[in-house]
Amino acid sequence: MPEDVRDKKNLNEDTVRHLNFIRPSGRYLYRRHYRQGLRSHILEVLDSKDVYREKHGTISGGIKWFPRAKPVKMLRIFRTRFADRRQADQELQRVMMIARYLGPDCYAKSNEFLVSYKIAEKYDTLLCGLQEYVEGLPLEPWGFMNPDRLAENLVRPGIGGQESTEQDRTVLIETIHRNAVDFVVRVRTMIAETGCIPDLAGDGNLLLTDNGRIKLVDINNISRVEFDNTVRVDDKGYPVCDKSVEALSQLQMKMASQQIDPSDRLYRTYLDPARMSAVQDIEREFHRESILRQYRAD
């Protein structure tokens, strides 16, 4: 009996090409991305010509070099099993919520679609997404996110064949700051109007692009914001809502350079010291269990 792709630890090119909803034209190849979500397989969709140049090299200026193939798109195959079509439609609505509130400048645009996945002579509904490929600097909310420091990592001498000037750096710093303010406002508006928050805390979920934009790339983990004393976890046991609010506060303070208002209901609830201590304990146990699961799988 073939193994369900939703149960596989990783997918390779051969497995993907033989999925019943993939058309193996030969024009595109699939490569496992270095980031793998708990909820989905993430695959780079590559132009076969670019992969050929990566493997065999190309001559430029009399020098042979091997340019790494950049993805045309990112294919996400989700592990979620749906009880019925209504449940699948609800998941799609959550992604549309991200698009509506963050807009194309602040999230990696994705075309989500449902397919009839054939497994063991039966068909099941499977959620997939074809997402834009975003290059950028991963943002660590609890690390260094000062716009000056970030600009140093984005502006380097010689990019585009021209030397970066001090004015370029100053403009980029101002752009990062302005876009951080915009991002925080958009997320806060989403919370206020829908009672939901995207996952801002996951490893590599936020990227800073070369033009100073913050982009959310993991758009499928959305949690409810409840104003009570209960620390809720997602289906994987992670306190994603609390950690996302913490991450938002870090973005607001470090990148948007805005102080936290102690009377703010959101932060007053979620940044309470006793609550944060409880969240830290849950997070520590989550990572311990993740390591044990990885050990058992290996």
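Residues numbered from 1 in each chain as written. Predicted model: local features only at pLDDT ≥ 70, side-chain atom pairs only at ≥ 80, totals over all residues. Heavy atoms only, no water.

A.B. asks: I'm lost on the overall build of the protein in this one. Help?
C.D. replies: Helix and strand content of the protein: eight helices and twelve strands. With the C-alpha coordinates of the protein rotated into their principal frame, the extents come out at 60 × 55 × 35 Å. The buried share among the 298 residues of the protein stands at 43%. In the protein, of all internal contacts separated by at least 6 residues, the share reaching a separation of at least 24 is 65%. The distance from the centre of the 47 positive side-chain charges to the centre of the 45 negative ones in the protein is 4 Å. (Helix = DSSP H or I, 4+ residues; strand = E, 2+ residues; numbered from the N terminus. Buried < 20%, exposed > 50% of the residue type's maximum accessible area, 1.4 Å probe, protein only. Contact = heavy atoms within 4.5 Å. Lys, Arg positive; Asp, Glu negative; His and termini not counted. Charge placed at Lys NZ, Arg CZ, Asp CG, Glu CD.)

A.B. asks: Help me understand the side chain of D234 in this model?
C.D. replies: Mapped onto the elements, D234 comes out in the loop between strand 12 (222-224) and helix 6 (240-255). Apart from the residues within four sequence positions on either side, D234 is in contact with R39, N221 and V240.

A.B. asks: Explain the packing of helix 4 (residues 147-154) against helix 5 (residues 166-194) here, please?
C.D. replies: For any two helices packed against each other, the geometry is given by the interaxial angle and the distance between the axes. For the pair helix 4 and helix 5, the least separation of the axes is 9 Å and the interaxial angle reads 125 degrees. By the angle between their directions, the pair helix 4 and helix 5 is classed as oblique. Viewed along their axes, helix 4 and helix 5 form a crossing whose handedness is right-handed. Residues P147, D148, L150, A151, E152 and L154 of helix 4 lie in contact with helix 5, whose contacting residues are R169, L172, I173 and I176. Here the residues of the contact of helix 4 with helix 5 sort into seven nonpolar, no polar and three charged. (Axes fitted to C-alpha atoms, helices over the stretch in contact; angles between N-to-C directions. Parallel < 35°, antiparallel > 145°, perpendicular 65-115°, else oblique. Left-handed = near helix turned anticlockwise from the far one by under 90°. Nonpolar A, V, L, I, M, F, W, Y, C, P; charged D, E, K, R; others polar.)

A.B. asks: What is the right way to read the packing of aromatic side chains from this model?
C.D. replies: Any pair of aromatic rings gets described here by the distance separating the centres and the angle formed by the planes. Under the counting rule described, the total for this entry stands at two aromatic pairs. Ring geometry for F21 and Y117: centres 6.4 Å apart, planes at 80 degrees, overall edge-to-face. In this pair, F21 is assigned in the loop between helix 1 (13-17) and strand 1 (28-32) and Y117 in strand 6 (residues 110-119), connecting sequence segments 96 residues apart. Among the residues examined, F21 registers a relative accessible area of 21% and is labelled partly exposed. By relative accessible area, which is 3% here, Y117 ends up buried. In this structure, R149 is placed above the aromatic ring of F144, and the distance from its NZ or CZ to the ring centre is 4.6 Å. The ring centre of F227 lies 3.9 Å from the NZ or CZ of R265, which sits over that ring. (Phe/Tyr/Trp six-rings, centres within 6.5 Å; stacked < 30°, edge-to-face > 60°. Lys NZ or Arg CZ within 6 Å of the ring centre and 35° of its normal.)

A.B. asks: Mind showing me how you'd approach unusual backbone geometry here?
C.D. replies: As a rule of thumb, non-glycine residues mostly have phi less than zero, and peptide bonds are mostly trans rather than cis. Phi at A120 is positive, roughly 55 degrees, even though this residue is not glycine. The class for A120 is partly exposed, based on a relative accessible area of 32%. Backbone geometry places S257, a non-glycine residue, at a positive phi of 55 degrees. Positionally, S257 belongs in the loop between helix 6 and helix 7 (265-270).

A.B. asks: Before we go on, may I ask you to explain the confidence of the model for the protein in this structure?
C.D. replies: Detail in the predicted coordinates should be disregarded across regions flagged by low pLDDT. In the predicted model, the protein carries a mean pLDDT of 90, and 94% of its residues have values of at least 70. Least confident of the elements in the protein is helix 8 (residues 273-297), whose mean pLDDT is 87; most confident is helix 7, at 98. (pLDDT = per-residue confidence, 0-100.)

A.B. asks: Looking at this model, I keep getting lost on the packing of helix 3 (residues 85-102) against helix 5. Mind explaining?
C.D. replies: Put simply, helix 3 and helix 5 touch, their axes get as near as 9 Å, and they point 125 degrees apart. The angle between the axes of helix 3 and helix 5 places the two elements in the oblique class. Here helix 3 runs over helix 5; the crossing is right-handed. Contacts between helix 3 and helix 5 pair M97, I98, Y101 and L102 from the former with R186, V187, T189, M190, E193 and T194 from the latter.

A.B. asks: Sorry if this is basic, but what is going on with the sheet that holds strand 7 (residues 122-131) here?
C.D. replies: Backbone-to-backbone hydrogen bonds join strands into a sheet, with any given pair of strands oriented parallel or antiparallel. With antiparallel pairing, the five strands of this open sheet are ordered in space as 1-2-5-7-6. The outermost strands of the open sheet, each flanked by one partner alone, are strand 1 and strand 6. Between one strand and the next, the sheet's axes are offset by a mean angle of 30 degrees, whatever the strand orientation. Of the strand pairs in this sheet, strand 1 and strand 2 (residues 40-47) are connected by five bridges, and their pairing is antiparallel. Residue pairing across strands places L29 opposite L46, the latter belonging to strand 2. Strands in contact with helix 2 (residues 48-56) are strand 1 and strand 2; relative to strand 2, the strand with the most contacts, it is inclined by about 80 degrees. Strands strand 6 and strand 7 of the sheet are contacted by helix 3, whose axis makes an angle of about 155 degrees with strand 6. (Pairing = 2+ DSSP bridges.)

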